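Listed below, chain by chain, are the residues.
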Amino acid sequence: MGCCSSTEGDRDWKPTENRKYTDIPWLIIFSLFCIGMALICGFAIATGGASRLVSGYDSYGNTCGRNNTNKKIDGVPLSGADMTEKKYVFFLEPCKFDIISRKFKSIALCVSQCPATELKTYRELKDFALSNGSYLCSYELTPRKYENSNDRFSKCPKLPVPQSNAVPVFHRCIPVDISCYAEFAHAFITFVGDNTVLRRVIAGVITSKEIIMGLCVLAFVLSLIMTVVIRYISKVLVIILTVLVIIGSVGGTGILWWLYADQKHGLSNNSTSVLLKEVAGDNDKALLVYSIGATIFTVVLLLLMFFLRKHVSLTISLFHVTGKVFTSLPLLFLHPFWTFLGLMMFWVYWVAVLLFLGTSGSPVKNNSTGVVEYQMQGPLQYMVWYHLVGLIWISEFILAFQQMTIAGAVSTYFFTRDKDNLPQFTVVSSSINTLRYHMGTVAKGSFIITLVKIPRIILTYIHTQLKGKENACARCMLKACVCCLYCLEKCLVFLNQNAYTATAINSTNFCSSVCDAFKLLLENAAQVAVINTVGDFVLFMGKVLIVSCTAFAGVLALNYQQDYTVWVLPLLISCLFAYLVANCFLSLFENVVDVLFLCYAVDKKLNDGSSGRPYYMDKELMEHIEKSGKMGKYKSPEGAGQEMKPMRGGGTSA
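Residues numbered from 1 in each chain as written. Predicted model: local features only at pLDDT ≥ 70, side-chain atom pairs only at ≥ 80, totals over all residues. Heavy atoms only, no water.

Trainee: I'd like a description of the confidence of the model for the protein chain, backed by residues and values.
Mentor: Scored by pLDDT, the protein chain comes out at a mean of 77, with 80% of its residues at no less than 70. Considering only residues more than four positions removed or in separate chains, one finds that residues 631-654, a stretch of pLDDT under 50, has 82 contacts. (pLDDT = per-residue confidence, 0-100. Contact = heavy atoms within 4.5 Å.)

Structure below.
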């Protein structure tokens, strides 16, 4: 990218009072891309894709409820009909659905009324057509011929015609009894093995819906509490991790050496055949190699734990400060909800436009079936790929916007000396500042993630399509490429998040922020490694605790429910929701920890705790520096030096 090729040297990390617009060209590019997305939507609507999807169309290219006389299709004599009075789509075989192509293979007709009752004979079919003008057989077959024409078996619906819903779904006649769709659920039912079991499980979910909702609320409350109190139990969790690692490594190594000694002793006393002795000798050598390797690994691991023990205390201090951040900035809790809402709204829009595109294009007669299909030909067919890129880029943009907002709010908290006198609506101000100054940086960062994600998705799709067809070497190469791209994506996401923090502090463009953040992280590589390993374990234990408490409460509640016998699925649903909620809140917690660490590294680099250069960090972090012997003079943050004031556009200023 050329981000770190600048010759300007190390940057003076000093928040400026005046915000600067960053990465304006990328904001223009992203805006043009969004205009392209809007044009695709407009094209789908203008070419009738939206109206055909909403109103429905028959197998001859006629849009139901519309006058199609000026849309005659060559080679299709039944096209170009006036369907103003026929507003509903009726399928001759409503259960003939092709799952692969996601289309009905049945002939579709425009009708004025869906059958309100079951029609068992062709006479009832004829009487229904004559009574309301709703012909359920092909257009060229008049109602008078329903009973005696030989074409009625191929051009009329299969008897009996099922009753349709009183309210058509998107102008489609859908049978009331959906038992004809049983083949779609056949695989699932076969997996379950017993319809009665499936019925009891579904009944259990319906009967316990109040308990499920209560457990979901409990998981939400526990996640909120855990986000605040995890700072108090982080030390205990770190001790548990240390003990487990020591026991696992030392114990595993001891067991391997014991197995080796036992194998050696058995080999010396064994009087079996020569072949068995050779096998035992090979096992003996393998155990020796494993034991030596485990011993080296254990020694290195214990030495690392000994020398990095001070960095572990930094992780605990960061967790303490993160808890304070959430207490001082409670609006941070709401940000994941706004992000989720934005993603949901965009995804609904994206799916709607995709469906519009599926019914856009030029009408083409399928010579094998005789029905009309709409296909996009020429350059227009690439609009779907453009739309797919838009799904990934804009989704990543929404997530990056949240990260930039969090970075701005947390950096404002960190660089404010009087934590009891924070600026009002810090989180809201950070969102406004991101909208005003740093949308280009967010667009560029999200685009880089998109560049990595797209080939990974393509390779994953190719691997799925070729499953069972490619050789072992090709399969291994595909998996390796997908794995490498996944790891690269995770690294870039972490680097992007720190770049957003640098932008929030320095108001620099994306490339400069990436370079600055990378250099700072490289200077503190040991602390970064410890925070990401120990911190991830602590947060994982927090998730486990939330899910365990929810599961325990669910078992107690469901144990007294006597209205059903199978309550495994309700409990699984509750635990799954508990994990999703816990992951949402604790991932937010993790983001705040990462932002605080970069702010801490900046503060430690620029200041030394003296009266002339006092620290901005909280007392817990200063105590960590004091214990590590890197602080010349301890200085309390209250009232020390000049106060860092909020910027006019985000971050803070001296």
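Trainee: If you had to explain the state of the cysteines to someone new, which residues and values would you point to?
Mentor: By definition, a disulfide is the covalent link that joins the sulfur atoms of two cysteine residues. Tallying each qualifying case throughout the model produces three disulfides. Across the disulfide from Cys114 sits Cys173; the S-S distance is 1.9 Å. Here Cys114 and Cys173 share a disulfide; its torsion about the S-S bond, -75°, makes the bridge left-handed. Residue Cys114 is found in the loop between β4 (108-111) and α3 (122-132), and its partner Cys173 is found in the loop between α4 (152-155) and α5 (186-192); the two are separated by 59 residues along the sequence. The disulfide partner of Cys137 is Cys156, and the gap between their sulfur atoms is 2.0 Å. Here the disulfide of Cys137 and Cys156 is right-handed, its torsion about the S-S bond being about 115°. Note that Cys137 is positioned in the loop between α3 and α4 and Cys156 in the loop between α4 and α5, a separation of 19 residues in sequence. Look at Cys156 and you get buried, because its relative accessible area is 5%. Here Cys481 is not cross-linked by a disulfide; its sulfur's nearest cysteine counterpart is in Cys484, at 6.6 Å. (Disulfide = S-S within 2.5 Å. Helix = DSSP H or I, 4+ residues; strand = E, 2+ residues; numbered from the N terminus. Buried < 20%, exposed > 50% of the residue type's maximum accessible area, 1.4 Å probe, protein only.)

Trainee: Describe the pattern of salt bridges, with residues and values.
Mentor: Applying the stated criterion across every chain, the model contains four salt bridges. Residues Lys453 and Glu396 are paired through a salt bridge, measuring 3.5 Å at the closest nitrogen-oxygen approach. Remark: Glu396 occurs in helix α11 (residues 383-414) and Lys453 occurs in helix α13 (residues 439-465); sequence separation between them is 57 residues. Both residues of the pair, Lys453 and Glu396, belong to the buried class. In the salt-bridge network here, residues are joined through shared partners; they are Glu396, Lys453, Arg456 and Glu489. (Salt bridge = Lys/Arg side-chain N within 4 Å of Asp/Glu carboxyl O.)

Trainee: So what's going on with unusual backbone geometry? Residues and values would help.
Mentor: Phi at Asp23 is positive, roughly 55°, even though this residue is not glycine. Position of Asp23 among the secondary structure elements: in the segment before α1 (24-46). Classification of Asp23 as buried rests on a relative accessible area of 10%. With a phi angle near 60°, Ser507 is a residue other than glycine that sits in the positive phi range. With respect to the helices, strands and loops of the structure, Ser507 is situated in the loop between α14 (472-506) and α15 (510-523). Judged by its relative accessible area of 1%, Ser507 falls in the buried class.

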